Amino acid sequence: MKLDHAVILVRSLEESLPWYAAMLGAIGFAKTRDHVWLSDDGFAIDLKQANPDTPGYQRYAPGLNHLGFTAPDEAALDAVRAAMAAAGHPVADKQHFGDSIATFFKDPDGMRVEVTVYE
């Protein structure tokens, strides 16, 4: 079986939709309907509004820690970084981990989306 989809609950769809539209578009996902993006291999990411009285994202709390995507090369990683910066979103520095280079982007709620090149 393959992973089919992920649903991400966000504090504010108004704030998060532009961020995810920029990020997911930059890594090759296509918007297929309101709040849903699909990759070339059929993996879907769906954004939904969180209930207002629930706690916010915490990096080390139980649940999803971050989403990780693989870029084919450093130029592709740089293209994602440039697209996010052009869309007005903060872009963290690249991090080098032995045989990989990664950037961890934070969505408006603080959840991280990682884009990594494995050398």
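Structure first, text after, so check above.
All of these numbers come straight from a predicted model, not from anything done at the bench.

Trainee: For the packing of aromatic side chains, give the residues involved together with the corresponding values.
Mentor: Here the structure, examined in full by the defined rule, presents three aromatic pairs. The interplanar angle of 90 degrees and the centroid separation of 6.5 Å between the aromatic rings of Phe97 and Phe104 together place this pair among those described as edge-to-face. Phe97 sits in the partly exposed class, given a relative accessible area of 40%.

Trainee: Account for the side chain of Arg112, with residues named and values stated.
Mentor: Considering the arrangement of structural elements, one finds Arg112 in strand β8 (residues 112–118). No salt bridge is formed by the buried Arg112. Its closest oppositely charged neighbour is Glu114, at 6.4 Å. Those residues in contact with Arg112 that lie beyond four places of it in its chain are Tyr57, Arg59, Asn65, His66, Leu67, Phe104, Phe105 and Lys106.

Trainee: So, the layout of surface pockets: which residues are in play, and what are the values?
Mentor: As a volume, the largest pocket reaches approximately 480 Å³. Residue lining of the largest pocket: 21 residues in total, with Leu9, Val10, Pro55, Gly56 and Tyr57 positioned closest to the centre. Among the elements that make up the lining of the largest pocket, the one with the highest residue count is strand β1 (residues 5–10) (five residues). Residue composition of the lining of the largest pocket, grouped by class: 13 nonpolar, five polar and three charged.

Trainee: An account of helix α2 (residues 74–86) is requested, with residue identities and associated values reported.
Mentor: Helix length check: α2 (13 residues) gives 18 Å between terminal C-alpha atoms against 18 Å at 1.5 Å per residue, within 8%. With a side-chain oxygen lying 3.2 Å from the backbone nitrogen of Ala75, the N-terminal cap of α2 falls on Asp73. Where α2 terminates, the next one or two residues include Gly88, which has phi positive at roughly 85 degrees.

Trainee: Residues and numbers for the sheet that holds strand β2 (residues 30–33), please.
Mentor: The four strands lie next to each other as β1-β4-β3-β2, forming an open sheet whose pairing is mixed. Of all the strands in the sheet, the pair left with one neighbour each is β1 and β2. Within the sheet, the average angular offset between the axes of one strand and its neighbour, ignoring direction, is 30 degrees. When β2 meets strand β3 (residues 36–38), the two strands line up antiparallel, connected through three bridges. Bridging from a neighbouring strand, Lys31 pairs with Trp37 of β3. Relative to the sheet, helix α1 (residues 13–26) contacts β1, β3 and β4 (44–49), its axis offset from that of β4 by approximately 165 degrees.

Trainee: Explain the pairing of β8 to me, and be specific about the residues and the numbers.
Mentor: Of all seven residues making up β8, six are buried, and the element is well covered by its neighbours. Both strand β5 (residues 66–71) and β8 contribute to a ladder of six bridges, which runs parallel. What sits directly across from Gly68, in β8, is Glu114. Of the strand pairs in this sheet, strand β7 (residues 100–106) and β8 are connected by seven bridges, and their pairing is antiparallel.

Each value, and the rule that gives it
- Residues numbered from 1 in each chain as written.
- Predicted model: local features only at pLDDT ≥ 70, side-chain atom pairs only at ≥ 80, totals over all residues.
- Heavy atoms only, no water.
- Phe/Tyr/Trp six-rings, centres within 6.5 Å; stacked < 30°, edge-to-face > 60°.
- Buried < 20%, exposed > 50% of the residue type's maximum accessible area, 1.4 Å probe, protein only.
- Helix = DSSP H or I, 4+ residues; strand = E, 2+ residues; numbered from the N terminus.
- Lys, Arg positive; Asp, Glu negative; His and termini not counted.
- Salt bridge = Lys/Arg side-chain N within 4 Å of Asp/Glu carboxyl O.
- Contact = heavy atoms within 4.5 Å.
- 1 Å grid on protein atoms, 1.4 Å probe; cavity = no way out; pocket = protein on both sides within 12 Å on 5 of 7 lines; lining within 4 Å.
- Points joined across faces, edges and corners; volume = space filled by probe spheres on them.
- Nonpolar A, V, L, I, M, F, W, Y, C, P; charged D, E, K, R; others polar.
- Expected span 1.5 Å × (residues − 1).
- Polar contact = N/O pair within 3.5 Å; in protein donor to acceptor, adjacent residues only side chain to side chain.
- Pairing = 2+ DSSP bridges.
- Axes fitted to C-alpha atoms, helices over the stretch in contact; angles between N-to-C directions.

By themselves, these figures tell us nothing about what the structure is for.
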